[in-house]
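Chain by chain, the residues run as shown.
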Amino acid sequence: MISIRGLKKFLGGKLVLEEVNLEVKQGETMVVIGPSGCGKSVLLKHMMGLLKPDAGQIIIYGKDITRMKERELNEMRKKFGMLFQEAALFDSLSVEDNVSFGLREHTNLNGQEIKKIVQEKLRMVGLGDIAGLKPSELSGGMRKRVGLARAIAMDPEIIFYDEPTTGVDPIMGDVINNLILELQDRLNITSVAVTHDMNSAYKIADRIAMLYEGKIVETGDVESIKTTRNPIVKQFIQGVAEGPISV
Amino acid sequence: MKGWFAGSGRGILSGVEHTGRVAIFFGQTLQFGLTARWKWKNIIEQMVNIGVGSLPVIMITGAFMGMVLALQSYYQLHKLAVETGIGALVGLSMARELGPVMTGIMLTARVGAAMAAELGTMKVTEQIDALQALATNPIQYLVVPRFLSCLILAPLLTVYTVFIGVTGGYLIGVKMMGINSAFYLSHTVSLVGPADIMTGLIKAVFFGMIIAIVSCYKGLTTTGGAEGVGKATTGAVVTSSILILIADFFLTIIFKIINM
Ligand SMILES: Nc1ncnc2c1ncn2[C@@H]1O[C@H](COP(=O)(O)OP(=O)(O)OP(=O)(O)O)[C@@H](O)[C@H]1O
Ligand SMILES: [Mg+2]
């Protein structure tokens, strides 16, 4: 479904991704973990075609998106949803206009239908009647959830989540975990989620991959990651300061 | 010495590269502007922002420009006893030069800076990425409406500036210096023709394009957080102002050559 091969990227004179290889299967939730600054967000942006790699390929639906022309890429993106780490809401638009952005730009739905979809998506992410507010009037966790509502507004087939539970309270975090699980169960959505939150990772992941120093150092299902012998992965999931990962 | 050559060589290369990128950016804007469906809602929103908000500033600068011009020329022409020519002098200077240039500079300061800052902020807070993730082209969605509204509004506001400037000149010449009103007006009308107005408006169209393209380009290529937004904004104002003055010079030469 998604196949990343030999992905390499220099940013700011630094080799951020050295050689990333990763396969994500249809209907699977792949969680990518890794220390702060290791390039997880950069990896997600490549999958969305927002960054072009210096080498390597990303094959989605059998096509290499790194070599696509913008028009073709945009057709693909209509089937993708992305939640940005800092939500990246359009701050000149209301919550409603943020969530409905894709619907207004790319569908012929009328105002009534769009309003209904917005209400429904906001409810799914646990937000009530805030459609008329501006992003600057929201808390960090609320923005994140509006970002999530915007990401799922067009009923995407593939969703990229950049730290979906960071910055929201534990209860809301679990609401989001359940939502991700539900989207996968009900709609058979394929997702890639980046997170630090190991509880969330264990709950939503079908498989977990760890990114470290520009490479995927281990991939496996939840059980195999929990019982790993790889000292790097072990240190990371246990969250201890001593070990091969220097801090 | 070698270092100096290498340095200036690099400077020229990056200048050429930059110019190339801006040219491509301009080309894409034109392409989207001509081929894509115009989003009237966005364009009108921008026009209201740019136009209505700029009126007071332009009124004040235009009025004082016209008045000071009238004063200065009065002192000079008075010596030659041809002070009734003030009307024509103010009218011609305002229509051909000061009207479009002042409007351009004021729009740069007010509108260009705001556009660069807004798009720059969107860039550094990943809103531009989000726009692309939502399968929307930033040039089409953000730049084209700004470009079109600058293009339309620069000449409209220039007309306004010229009118206010000429009125200011009239007040000084007739009310303050006591020149005969009929003389003043007949001189103005007989010497300031449609061609003079036209050259001013054509200049304004070019200045509008410069402001929109430079400011949007600077905004969309912002890097480095809040500091970067500040740099982009300053850069947009400085570059647009310089380009407006350079363009003004060459357009004046071209109009001279084609006898306009
Ligand atoms: N536009 C850029 N220009 C230069 N360097 C960049 C850019 N974007 C990211 N980087 C660098 O790439 C590295 C990876 O960044 P990235 O945001 O992907 O980290 P991350 O794994 O998502 O971290 P976190 O968990 O803290 O979000 C960082 O060292 C960062 O400095
Ligand atoms: Mg990140």
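Since the model is a prediction, treat every value here as computed from it, not as a measurement. (Residues numbered from 1 in each chain as written. Chains lettered and ligands numbered in written order. Predicted model: local features only at pLDDT ≥ 70, side-chain atom pairs only at ≥ 80, totals over all residues. Heavy atoms only, no water.)

## Describing the overall build of chain B
When you go through chain B residue by residue, the secondary structure sums to eight helices and zero strands. Reading the helices (α) and strands (β) of chain B from amino to carboxyl end gives α-α-α-α-α-α-α-α. For chain B, the C-alpha atoms occupy an extent of roughly 65 × 55 × 35 Å along the three principal directions. Every one of the 260 residues in chain B was classed for burial, and the buried ones make up 46%. A fraction of 86% describes how many contacts in chain B between residues 6 or more apart in sequence connect residues 24 or more apart. When the accessible area of chain B is evaluated, it comes to approximately 12,700 Å², of which 74% is carbon and sulfur surface. Across chain B, 16 positive and 10 negative side-chain charges occur, with their mean positions spaced 3 Å apart. (Helix = DSSP H or I, 4+ residues; strand = E, 2+ residues; numbered from the N terminus. Buried < 20%, exposed > 50% of the residue type's maximum accessible area, 1.4 Å probe, protein only. Contact = heavy atoms within 4.5 Å. Areas by Shrake-Rupley, 256 points an atom, 1.4 Å probe, with all protein chains shown as cover. Lys, Arg positive; Asp, Glu negative; His and termini not counted. Charge placed at Lys NZ, Arg CZ, Asp CG, Glu CD.)

## Notes on the interface of chain A and chain B
With 18 residues of chain A at the interface, the matching set in chain B holds 15 residues. For the pairing of chain A and chain B, the buried interface totals around 1,600 Å² over both sides, and the portion due to carbon and sulfur atoms is 54%. Our count for the chain A to chain B interface comes out at two salt bridges. Between Lys45(A) and Asp129(B) there is a salt bridge; the shortest N-O distance is 3.7 Å. Here chain A and chain B share six residue pairs in polar contact (both at pLDDT 80 or more) between them. Listing elements by their share of the side of chain A that touches chain B, those giving two or more residues are α2 (70-77) and α4 (101-106) of chain A. In terms of residue class, the side of chain A that touches chain B is made up of nine nonpolar, two polar and seven charged. (Buried area = accessible area lost by both parts, 1.4 Å probe. Salt bridge = Lys/Arg side-chain N within 4 Å of Asp/Glu carboxyl O. Polar contact = N/O pair within 3.5 Å; in protein donor to acceptor, adjacent residues only side chain to side chain. Nonpolar A, V, L, I, M, F, W, Y, C, P; charged D, E, K, R; others polar.)

## Remarks on helix α6 (residues 140-152) of chain A
Helix length check: α6(A), at 13 residues, gives a terminal C-alpha distance of 19 Å against a target of 18 Å (1.5 Å per residue), a fit within 8%. Of all 13 residues in α6(A), 10 are buried, a share of seventy percent or more. Of all the positions in α6(A), only Gly141(A), Lys144(A), Arg145(A), Val146(A), Gly147(A), Leu148(A), Ala149(A), Arg150(A), Ala151(A) and Ile152(A) are classed as buried. At its buried positions, α6(A) is contacted by β6 (80-83), α3 (95-99), α5 (111-124), β7 (158-162) and α7 (170-187) of chain A together with α4 (127-133) of chain B. (Expected span 1.5 Å × (residues − 1).)

## Some remarks on the coordination of the magnesium ion (ligand 2)
Distances from the magnesium ion (ligand 2) to its protein donors, Ser41(A) (OG) and Gln85(A) (OE1), fall at 1.9 to 2.2 Å. In this pair, Ser41(A) sits in helix α1 (residues 40-47) while Gln85(A) sits in the loop between β6 and α3, placing the two residues 44 residues apart along the sequence. (Donors = N, O, S within 2.8 Å, 3.2 Å for Na, K, Ca; no water.)

## Brief notes about the pattern of salt bridges
Residue and element names in this part refer to chain A. Counted under the stated rule, the structure contains 15 salt bridges over all chains. Put simply, lysine 121 and aspartate 155 hold a salt bridge, and the shortest N to O gap is 2.8 Å. Pair noted here: lysine 121 is in helix α5 and aspartate 155 is in the loop between α6 and β7, with a separation of 34 residues, a long-range link. Classification of lysine 121 by relative accessible area gives buried; the value is 5%. Across the pair arginine 186 and glutamate 182 runs a salt bridge, and its minimum N-O distance is 2.9 Å. Of the two residues, arginine 186 and glutamate 182 both sit in helix α7, four residues apart, roughly one turn of that helix.

## Considering the packing of helix α3 (residues 86-124) of chain B against helix α7 (residues 194-220) of chain B
All names here are of chain B. In the contact formed by α3 and α7, the axes pass within 8 Å of each other and the chain directions differ by 15°. Taken together, the axis directions place α3 and α7 in an arrangement best described as roughly parallel. Where α3 crosses over α7, the handedness of that crossing is right-handed. Across the contact of α3 with α7, the residue classes tally to 15 nonpolar, eight polar and five charged. (Axes fitted to C-alpha atoms, helices over the stretch in contact; angles between N-to-C directions. Parallel < 35°, antiparallel > 145°, perpendicular 65-115°, else oblique. Left-handed = near helix turned anticlockwise from the far one by under 90°.)

## What about the nonpolar core?
Core analysis: the largest hydrophobic core is formed by 80 residues, its most contacted members being Ile2(A), Ile4(A), Met47(A) and Phe160(A). In this structure, Ala131(A), Met172(A), Ala205(A) and Val233(A) belong to the second largest nonpolar core, which totals 47 residues. (Core = buried A, V, L, I, M, F, W, Y, C linked by side-chain atoms within 4.5 Å.)

## So, the site of ligand 1
Residues and elements named next belong to chain A. Taken together, 15 residues are adjacent to ligand 1, and Lys14, Ser36, Gly37, Lys40 and Ser41 come closest. Relative to its free-state accessible area of 630 Å², ligand 1 is covered by the protein chains to the extent of 64%. Mapped onto the shell around ligand 1, the elements with two or more residues apiece are β2 (14-24) and α1. With three residues, the top contributor of residues to the shell around ligand 1 is α1. Each residue belonging to the shell around ligand 1 can be placed in one class, and the counts come to five nonpolar, seven polar and three charged. (Near = heavy atom within 4 Å.)

## Overview of a nonpolar patch on the surface
Residues and elements named next belong to chain B. On the surface, Val238, Ile242, Leu243, Ile246, Phe249, Phe250, Ile253, Ile254, Ile257 and Ile258 cluster together into a nonpolar patch covering about 930 Å² of accessible area. Take leucine 243: it is sitting in helix α8 (residues 225-257). Take leucine 243: its relative accessible area is 35%, and that puts it in the partly exposed class. (Patch = residues over 30% accessible without salt bridge, like charges linked within 9 Å, V, L, I, M, F, W, Y side chains within 5 Å.)

## A word on the environment of Glu105(A)
Relative to the assigned elements, Glu105(A) resides in helix α4. Residues Glu105(A) and Ile4(A) lie 101 residues apart in sequence; the distance between their C-alpha atoms is 30 Å. Contact partners of Glu105(A), with chain neighbours within four places excluded, come to Lys39(B), Thr136(B) and Tyr141(B).

## Some thoughts on unusual backbone geometry
Notably, Asp155(A) is not glycine yet its phi reads approximately 50°, a positive angle. In the Ramachandran plot, Glu163(A) falls in the positive-phi region, its phi being about 50° despite a non-glycine side chain.

## Things to note about the packing of helix α5 (residues 138-176) of chain B against α7(B)
Residues and elements named next belong to chain B. With their axes 8 Å apart at the nearest point, α5 and α7 run at an angle of 145° to one another. Viewed along their axes, α5 and α7 form a crossing whose handedness is right-handed. Counted together, Val143, Arg146, Phe147, Cys150, Leu151, Ala154, Pro155, Thr158 and Val159 of α5 and Gly200, Leu201, Ala204, Val205, Gly208, Met209, Ala212, Ile213, Cys216 and Leu220 of α7 form the full contact between these two elements.

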